[in-house]
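Structural characterization, general
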Amino acid sequence: MHPELQHELDIFERRTPKSAEAHKKNLKRIPLGVASNYRAYDPYPIFVEDAQGSRFRDLDGNEYIDYNLCFGALMAGHCHPAVMRAVEKRLHTGTMFGMPHNMEWELAEEICSRFPVESVRFGSSGTEATMHAVRLARAATGRDKIIKFEGGYHGLHDSVLVSVKPHAPEFGDVHDPAQVPGGLGVPKAAVANVQIATFNDLATVELRFKQNPGQIAAIILEPIMMNVGLCMPQPGFLKSLRELCTKHGALLIFDEVKTGAKLGWGGASEYFGVTPDMICLAKSIGGGFPLAAFGTHRSVMDLISQHKVFHGGTYNTNPVSMAAGLATFREVLTRDNYAHVDKLSKKLVDGYKKIVAKSGLQGYVASAGANGALMLYPKEIRNYRDWITVDTDLWRHYWFGMVNRGVMCQPYWWDEQWTISVQHIEADIDKHLAAFDEVAPGLAKAQQERGAAVVAVH
Ligand SMILES: Cc1ncc(COP(=O)(O)O)c(C=O)c1O
């Protein structure tokens, strides 16, 4: 371990003893001491006391500007006043009915008016949204197989928990990536139905269609791969996927769990000018409450109307989440707020670029909409195989360095990215940049000492 990383870890442990203690208690009863594996990291995760706006406090009273924002689910920021008002009102008029109510068509209208879908159903998590989308695509085409990209994450159900973070040698050749289960318990039959392709490599997609004629129900992807930092589709890639799907009678599923709310008003279809057959939404559409949706053409959704595909869920359209969702669409995800976030994003990205150049750090900044990431690579990554080469110690040095200076610059893990909320202000960006300015020279030094490659992309 580089001494500067060790130094940051020592500071972290001195600042957060109550988190260490709380984690020990959790460990007694809860695997890894956390409720989701993504929340576990060494030496222990920060435990949160409370949050408001763009900030949260840990159990020791340290305050952080929050760019983690619940793994990007809080473009609204913490406790957005409009969302809180809507939810507080609902708390006194029934929190669960398991029966229809009037907010359902209202939110369905909101979604259909900004995304290219005619009909939607709701759920509570991104996992549910992609699970039902994949099942519907299978039902609509009468085919079992899907294509997903290596490194892509679409939640936790068997149909997509394949080749999420595979390793050599199991993952095979980049031009013909192998199907690697994302952990034990994923049935072989499920894995066999997931054909793996390489992001930004159309030939691998064509290969899968060729090898499985008439058998591919859908391609599922994040239009911007956001589980490898931030990896943009190369120009024309999404359009070509659209054409391939149309040619082969498969459906194109955009997993917009992250991009849907955070890229801009109309999500990825508007941003890239490519229209998928289905979209999956979750995270930031709920403004801090569990809310998800999947939408598609009426002809596909008719399979649900005709009772041919089953969709249900006790918590679907619970009034609290729906009130939060409506307030989020109407008062948070507005064109004015997107303009505000774009302005802050530009300031942050420009500032990072300057500091990267000044410090001599070999890396670049990737960004789109409310999201961005410091990518510690000598040149722009195009897929999972490029991403996997990351220097994780150097990344941890960055993250703990920032956290120790009161800036949670993104969720822990180098496959994540920052989110800027509508409640961030210019001063938050200034503080973020001031912290990075302090951390960057040490990072550059550590990187040089490790003999990093000397090609920079700015
Ligand atoms: C792109 C994408 N799809 C699906 C999911 C799963 O969403 P959830 O955690 O709400 O089940 C995630 C979660 O991070 C995601 O990033």
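Everything that follows concerns the structure shown earlier in this document.
This one's a predicted model, so the numbers in the text were calculated from it and none came from an experiment. (Residues numbered from 1 in each chain as written. Predicted model: local features only at pLDDT ≥ 70, side-chain atom pairs only at ≥ 80, totals over all residues. Heavy atoms only, no water.)

Take the overall build of the protein chain next. Along its length, the protein chain carries 17 helices and 16 strands. Computed over C-alpha atoms, the radius of gyration of the protein chain comes to 22 Å, within 12% of the 23 Å expected from 2.2 N^0.38 for 458 residues, which places it in the range of a compact globule. For the protein chain, the spread of C-alpha atoms along the principal axes amounts to about 60 × 55 × 45 Å. The buried share among the 458 residues of the protein chain stands at 57%. Put simply, 74% of the contacts in the protein chain that link residues at least 6 apart link residues at least 24 apart. Accessible area of the protein chain: about 18,900 Å², with a carbon and sulfur share of 54%. (Helix = DSSP H or I, 4+ residues; strand = E, 2+ residues; numbered from the N terminus. Rg over C-alpha atoms; globule rule 2.2 N^0.38 Å. Buried < 20%, exposed > 50% of the residue type's maximum accessible area, 1.4 Å probe, protein only. Contact = heavy atoms within 4.5 Å. Areas by Shrake-Rupley, 256 points an atom, 1.4 Å probe, with all protein chains shown as cover.)

Our next topic: the sheet that holds strand 3 (residues 63-66). Here we have four strands laid out as an open sheet, ordered 1-2-3-15, and mixed in their pairing. Strands with a single pairing partner mark the edges of an open sheet, and in this sheet they are strand 1 (48-52) and strand 15 (407-408). (Pairing = 2+ DSSP bridges.)

Picture the strands of a sheet paired through backbone hydrogen bonds; they go either parallel or antiparallel. Across the sheet, seven strands lie side by side as 4-12-11-10-9-5-8; this open sheet has mixed pairing. The sheet terminates laterally at strand 4 (119-123) and strand 8 (194-197), the two strands that pair on one side only. Each strand of the sheet is rotated relative to its neighbour by a mean of 20°, with strand direction disregarded. Pairing of strand 9 (residues 216-221) with strand 10 (residues 251-255) involves four bridges; the strand directions are parallel. Along strand 10, the bridge assignment pairs I220 with I253. Strands strand 5 (145-149), strand 9 and strand 10 of the sheet are contacted by helix 9 (residues 237-248), whose axis makes an angle of about 145° with strand 10. (Axes fitted to C-alpha atoms, helices over the stretch in contact; angles between N-to-C directions.)

What follows concerns the environment of C280. Considering the arrangement of structural elements, one finds C280 in strand 11 (residues 278-281). Looking at C280, the relative accessible area reads 0%, which means it is buried. Those residues in contact with C280, other than ones at most four positions away along the chain, are A129, T130, A133, I253, F254, D255, E256, V257, A293 and F294.

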